[in-house]
Amino acid sequence: MKKRLLALILLHVYCSVKAQKKNENFRLNIRKNTGVITIDGKGDDPAWKDADVAKDFFMVLPMDDGPAQEHSEIRMAYDEKNFYLLATFYHSGDAKYTVESLRRDFSFGKNDNFLLFLDPFNNQTTGFSFGANAYGAQWDGTMFNGSSIDLNWDSKWISDSSHDEEKWVFEMAVPFKSVRYEEGVKEWGVNFSRLDLKSSEKSSWTPVPRQFPTSSMAYNGTLVWEEAPPKPRVNFSVIPYVLGEVSQNKANDEEPEYEPKIGGDVKFSLTPSLNLDVTVNPDFSQVEVDRQITNLDRFELFFPERRQFFLENGDLFANFGYPTIRPFFSRRIGLGVPIQAGARVSGNITDSWRVGLMDIQTSSIAETGLPSQNFGVLSLQKKVFSRSSIGVMLVNKQSFNYQNESDTLRTEFPEYNRNLGVEYNLASSNNLWTGKAFVLKSFSPNDEGNGITQAANLEYQNRKWSWRIQEEWVSDDYRAEVGFVPRTGYVNFNGYLGHLFFPKEGKVVSHGPVLNSSFYFTENLRRTDNLNYILYQVDFRNRSSLDFFVSDDYVELLAPFDPTRLGKEELATGTTHQWNAFGWMFDSKPQNLFTYGLDARFGGYYQGGNRTSLTTELGYRFQPYVSLSANLNYNHIKLPAPWNTNEFWLIGSEVDVTFTNTLFFATLFQYNEQSRNFNLNSRFQWRYAPASDLFLVYTNNQMIDPFMPKDWSLTLKFTYWFNK
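Here's the deal with the overall build of the protein chain
Each helix and strand counted, the protein chain has three helices and 39 strands in total. Relative to a compact globule of 724 residues, whose C-alpha radius of gyration would be 27 Å, the protein chain shows 26 Å and is just as compact. Each principal axis of the C-alpha distribution contributes one length, and for the protein chain these read about 75 × 60 × 50 Å. Of all 724 residues assigned to the protein chain, the portion counted as buried reaches 53%. Considering only intrachain contacts with a sequence separation of at least 6, the fraction spanning at least 24 residues in the protein chain is 59%. Per element, the accessible surface of the protein chain, about 32,200 Å² overall, is 56% carbon and sulfur. Put simply, the protein chain has 73 plus and 86 minus side-chain charges, and the middle of one group is 5 Å from the middle of the other.

Topic: the pattern of salt bridges
Summed over all chains, the structure comprises 32 salt bridges. Between Arg 487 and Asp 529 there is a salt bridge, with its nearest N and O atoms 2.7 Å apart. Placement of the pair is Arg 487 in the loop between β25 (465-474) and β26 (490-499) and Asp 529 in strand β28 (residues 527-540), with a sequence separation of 42 residues. Since its relative accessible area comes to 9%, Arg 487 is described here as buried. Through salt bridges that share partners, Asp 112, Arg 194, Asp 196 and Lys 198 make up one connected network.

Points about the confidence of the model for the protein chain
In low-pLDDT regions, the fine details of the predicted coordinates are not to be read closely. Confidence in the prediction for the protein chain averages 91 pLDDT; 97% of positions are at 70 or higher. Per-residue pLDDT stays below 50 along residues 1-5; that stretch engages in nine contacts with residues further than four places along the chain or on separate chains. Note that pLDDT drops below 50 for residues 11-19; the model gives that stretch eleven contacts with residues more than four away or on any other chain.

A closer look at the pairing of strand β20 (residues 372-384)
Inspection of the sheet shows strand β19 (residues 353-362) paired to β20 by ten bridges, in the antiparallel sense. Bridging across to β20, Arg 354 finds its partner in Gln 381. As defined by bridge partners, β20 adjoins strand β21 (residues 388-400) across 13 bridges and the pair is classed as antiparallel. Bridged to Gln 381 within β21 is Gly 391. The loop that links β20 with its antiparallel partner β21 comprises three residues; one of these, Phe 385, has a positive phi angle of about 55 degrees.

Concerning the nonpolar core
Core analysis: the largest hydrophobic core is formed by 36 residues, its most contacted members being Phe 83, Leu 85, Phe 114, Leu 116 and Phe 192. For this core, the secondary structure elements donating two or more residues are β1 (27-32), β4 (72-78), β5 (82-90), β6 (113-119), β7 (127-133), β11 (167-175), β12 (187-196) and β14 (221-225). Not counting chain neighbours up to four residues away, the residues in contact with Leu 116 comprise Phe 83, Leu 85, Phe 128, Ser 129, Phe 130, Met 172, Val 190, Asn 191 and Phe 192. If you look at the next biggest cluster of nonpolar residues, it comprises 25 residues, including Phe 317, Ile 333, Met 358 and Tyr 490.

What to know about the pairing of strand β29 (residues 545-556)
The element β29 is largely enclosed, with a buried count of nine among its twelve residues. Where β28 lies against β29, eleven bridges are found, and the strand directions are antiparallel. For Val 538, the partnering residue across the bridge sits in β29 and is Leu 546. Joining the antiparallel neighbours β28 and β29 is a turn of four residues, in which Arg 543 adopts a positive phi near 80 degrees. Pairing geometry for β29 and strand β30 (residues 576-587), over twelve bridges, is antiparallel. When the sheet's bridge partners are listed, Asp 547 is paired in β30 with Met 585.

Overview of the side chain of Asp 553
Looking at the secondary structure, you find Asp 553 in strand β29. Comment: no salt bridge for buried Asp 553; closest opposite-charge side chain is Arg 601, at 5.5 Å. Residues in contact with Asp 553, not counting those within four places in the same chain, are Asn 530, Leu 531, His 577, Gln 578 and Trp 579.

Quick notes on the rules
Residues numbered from 1 in each chain as written. Predicted model: local features only at pLDDT ≥ 70, side-chain atom pairs only at ≥ 80, totals over all residues. Heavy atoms only, no water. Helix = DSSP H or I, 4+ residues; strand = E, 2+ residues; numbered from the N terminus. Rg over C-alpha atoms; globule rule 2.2 N^0.38 Å. Buried < 20%, exposed > 50% of the residue type's maximum accessible area, 1.4 Å probe, protein only. Contact = heavy atoms within 4.5 Å. Areas by Shrake-Rupley, 256 points an atom, 1.4 Å probe, with all protein chains shown as cover. Lys, Arg positive; Asp, Glu negative; His and termini not counted. Charge placed at Lys NZ, Arg CZ, Asp CG, Glu CD. Salt bridge = Lys/Arg side-chain N within 4 Å of Asp/Glu carboxyl O. pLDDT = per-residue confidence, 0-100. Pairing = 2+ DSSP bridges. Core = buried A, V, L, I, M, F, W, Y, C linked by side-chain atoms within 4.5 Å.

So this is what it looks like as structure tokens:
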């Protein structure tokens, strides 16, 4: 299997070596502006009359077989400080726009919107994205992996919009110092995307196959500068914060405590495309809380990183390996322990080399004996061939200043854990072929942590057919203490095969089956568990969707496990369990003010039991100012004694109010019977200046059974972005 995967990867690497950029002939000239452009969302400045126009968009969805029905026009210009964009979107129907809210970085599929994709290095892998919805809410993020967008990146830029009966208009100005680019380069990769929910049409300036997102940089056109953009200036920013917090741990009968805190971040451009970030005494109190989920899995669940310091160019660190084999997972840092300081260097060294270097220092904890710890990460990535890359990663966790030299303390908190890995990422010039192969080696003070991991996959996707094959081997003694590897000591083979049919008429735009299979073995190749299921997916022209599935599960428990996760008796190691299940997933069309999703699962469970799971997601918006949502999950598990019958609910409800583009309020309620916890999190945010905020955050946790308070906190935080 490994040899066949390697041969396939090498074959398609060879085919992509001299591949030309797919949409090279789509070129937009951007001229230097001699007049004044006022960002007011009207687009009536004389300077726009001489600008070239990108128009005649292509339809991507519902079908990529011709020109877009809705007309769009894009103009661009620049001066010594900024580049400008004017977008005009006409529509043939009524003037009722679909807008979820005025919040920044909105959900793409739930808003009439426009997006710009920029590739300053022309490497078809990394870049920047800017955009807005029809009411002017901003969108910005960094691009990585050829199409993915990290919306946690925020930069300073201004925009405005307007709309009338026949069109909506978006106008923006982005300072050159807000993006990174190479001096003297006169051609950048570029594309423009529009989503018009009234007509259920997604369109693109350049033709993009419907199976790919319009952000696919392999299908970018070219932005041709009249003169090379001005020489990048030194960009130096200081972002201090000051906060006051009142908190109380009622579970331990503690009195309320007041804690003031100051700290901040520094950003400095080492080169036009390489940035240094330093944080001192960081605080993440304004970060959104995790959405709770019902956990009936045998292994640890993954929750995404939300802290700002770890997110810019985060793909250099977080995307190494697979989602369940990550040598680095930043949420392992600062978990219940203060971060004293950190520094990160990240970005492009050249158009083909990227680097990420991070170092974080945490405090010691006297109560638990946790020593001070230092976390260092180095990630180096080299572009090869047309769009592929080779990467190397080193992760080091070092403990020091132990409170005593006892063996017990050093066993509980090992002196070090290191991971060294290399990976190859395949991306063909036309994006049809993708793949990955990597090897990781861990190093620890004892033999139990000196293991190895190896994995590879190859994937193909065209309009009608898609398939993937993948293999993994994680040794029992592999350790990634700063990573996310919930399972060790296994070999896994998995894959899928899917096909789509496209009716010429009717409400259905596509439908077809997907066959999935995954088998786990011990390192001696003895089967321990497998999951096989067939999914039939139906996508409608109005953007609603319906999926059906039938599954077959087999599990041999490798450790004791409580199938209810309610703290009851555990099933014994070595017991085997097999069951079948069926269900469906439905999502309504996003154009309606009232939206909903209905998911259901019925079938067997451990020990010959039965499990029914029902999930409903409800939403209603008073656009564009108020968005209401509720998530309800119900589980009914019927097992023999001693577990018997168990029922539990997970209820989440959110109120999101966007008074303006700069004034927001959100409250999230979460009621979880499985974890016996009720959580309330309320956040008020005033963006009083670009990238500068005032936050007021209230959090309260209560025990459900018995009902009693656990803890609460109230935080007032002030940040300001000083930029030179």
